[in-house]
Amino acid sequence: MASLANVLLSRRVQEMVLNGEEPESLYICRDEKEAANVPSPLPPIPVIDLNLLSYSPLTSKAEEELQKLKSALCSWGCFQAINHGIPSCFLDEFRQVTREFFQQPMEEKQKYSKGVEEVEGYGGDPTPEEGQFLDWQDRLEDLENYTCKMRMVTEIVSKSMAKSLGLEENCLVDEFGERAALQARLNYYPCCPRPEIVLGLKPHADGTGYTIILQDEVEGLQILQNQHWFTVPTLPDALLILMGDQMEIMTIFKSPVHRVVNHMEKERTSIAVFYTPQKHKEIGPLDGLVNEGTPPLFNKDETIELHGGTRNVRRGVELKQATPLAITLATGERLYSTAKSKNLKRGKHDFRVIAMGESDMVLDGQRIILKTGQPSATV
Ligand SMILES: O=C(O)CCC(=O)C(=O)O
Ligand SMILES: [Fe+2]
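Predicted model only: the values in this text are computed from it and were never measured.

Trainee: Provide a residue-level description of the packing of helix α4 (residues 60-75) against helix α7 (residues 144-164), including the pertinent values.
Mentor: Running from N to C, α4 and α7 point in directions that differ by 95°, and their axes come no closer than 9 Å. Regarding the angle of α4 to α7, the classification is roughly perpendicular. Residues Leu66, Leu69, Lys70 and Leu73 of α4 pack against Ser160, Met161, Lys163 and Ser164 of α7. Across the contact of α4 with α7, the residue classes break down as four nonpolar, two polar and two charged.

The structure is reproduced here in structure tokens:
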């Protein structure tokens, strides 16, 4: 028998909005009180000029920019990239293509539709795990032309990130492999009659290497930092570069928890490009980051179980390199799994395991810091 989630996911939220329907209970995941909180001030998510970083030798201004980049990625896990080499007219054109796609009549869009359990095509998030909420969002996955342009961006971004860590500039490009995957997704967040109790995209961390997000002029993306949600400002020419779980394992950068809020009277579109190391490629902390003082938390060729040292974090999650990444996190009482860990059951794994790097781990409202290179058992 089809579950209620499957029945709902076989319909588009845009359709529900056009029919004037209220969100069903499975979409309701937000605490009204939290939504009523005064919005946090605009976050100092750094804006990085990638053009400055593409020349060698680096000028002193570029060295400063590299430090800014590293510090942004260790604390926020993301930055707004400008002068990335993609002309703003192209970005605008793609924003327009995205809007036009979702403005088409439903019958036209349905030509691209996917089954509720499939990933590629027009539809909603594939059927969630038992107990997960649904997102007030429609999406279209897989777009070749756009991903080609973004491949150029990944090159300059990966090189800049490697340089910011004091490593050889190609080491990240190599770690992702020649056939590193790029997958684009158009996201559409229709106006929502109850934005205070529904989310466009529930809190999650990306299972990617990293994700490149092009926002339109409507804000909505928020990053969790010190248990507060910060809205990412929209900048016309910027691409938001957001670290995923696999970068967190390879480097000292953080894979931030993020979500998307809806608006009652404004629709929003975004294009997310997921950049992931090539299939079956082993990943692990980059060699140059591991030395005697900071031994790796796990060996590249092992399947390991990480344990936190305190009573609360003793239950572990297996991190299998072949199928990255079984990482989950708890935000207060609620558990959300990352994109790649949907097979984890709620309640069984109720914390986020940090493989390496300084990151915050939210556990039942507590914040635990793992220092770079320390075995998690000594938390
Ligand atoms: O729409 C956005 O700004 C973010 C999308 C996102 O986080 C995702 O697709 O994983
Ligand atoms: Fe995401």
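Trainee: Which residues make up the nonpolar core, and what values go with them?
Mentor: Counting residues in hydrophobic clusters, the biggest one holds 50 residues, and the most contacted among them are Phe79, Tyr146, Met161 and Tyr210. Top element by residues in this core is α7. It accounts for seven residues. Among the nonpolar cores identified, the runner-up in size contains 15 residues, and Tyr189, Ile213, Phe230 and Phe274 belong to it.

Trainee: Describe the site of ligand 1, and please don't skip the residues or the numbers.
Mentor: The local shell around ligand 1 holds 14 residues, among which Arg185, Tyr189, His258, Arg268 and Ser270 are the closest. Every element with two or more residues in the shell around ligand 1 is listed here: β5 (181-189), β6 (199-204), β11 (258-261) and β12 (268-276). For the shell around ligand 1, the residue count by class is seven nonpolar, four polar and three charged.

Trainee: How would you sum up the packing of helix α5 (residues 88-103) against α7? Please name residues and give values.
Mentor: Packed helices, taken two at a time, are described by the angle their axes make and the gap between the axes. Put simply, α5 and α7 touch, their axes get as near as 12 Å, and they point 150° apart. The orientation of α5 with respect to α7, classified from their angle, is roughly antiparallel. Our pair here, α5 against α7, has a crossing hand that is left-handed. Contacts between α5 and α7 pair Phe90, Leu91 and Phe94 from the former with Asn145, Tyr146, Lys149 and Met150 from the latter. Partitioning the contact of α5 with α7 into residue classes produces five nonpolar, one polar and one charged.

Trainee: Describe in detail the pattern of salt bridges, supporting the description with residues and values.
Mentor: Applying the stated criterion across every chain yields a total of six salt bridges. The salt bridge involving Glu65 is made with Lys68; its shortest N-O contact spans 3.5 Å. Here Glu65 pairs with Lys68, and both are found in helix α4, just three residues apart, close to one helical turn. On the accessibility criterion, Glu65 (10% relative accessible area) is buried.

Rules and cut-offs
- Residues numbered from 1 in each chain as written.
- Chains lettered and ligands numbered in written order.
- Predicted model: local features only at pLDDT ≥ 70, side-chain atom pairs only at ≥ 80, totals over all residues.
- Heavy atoms only, no water.
- Axes fitted to C-alpha atoms, helices over the stretch in contact; angles between N-to-C directions.
- Helix = DSSP H or I, 4+ residues; strand = E, 2+ residues; numbered from the N terminus.
- Parallel < 35°, antiparallel > 145°, perpendicular 65-115°, else oblique.
- Contact = heavy atoms within 4.5 Å.
- Nonpolar A, V, L, I, M, F, W, Y, C, P; charged D, E, K, R; others polar.
- Core = buried A, V, L, I, M, F, W, Y, C linked by side-chain atoms within 4.5 Å.
- Buried < 20%, exposed > 50% of the residue type's maximum accessible area, 1.4 Å probe, protein only.
- Near = heavy atom within 4 Å.
- Left-handed = near helix turned anticlockwise from the far one by under 90°.
- Salt bridge = Lys/Arg side-chain N within 4 Å of Asp/Glu carboxyl O.

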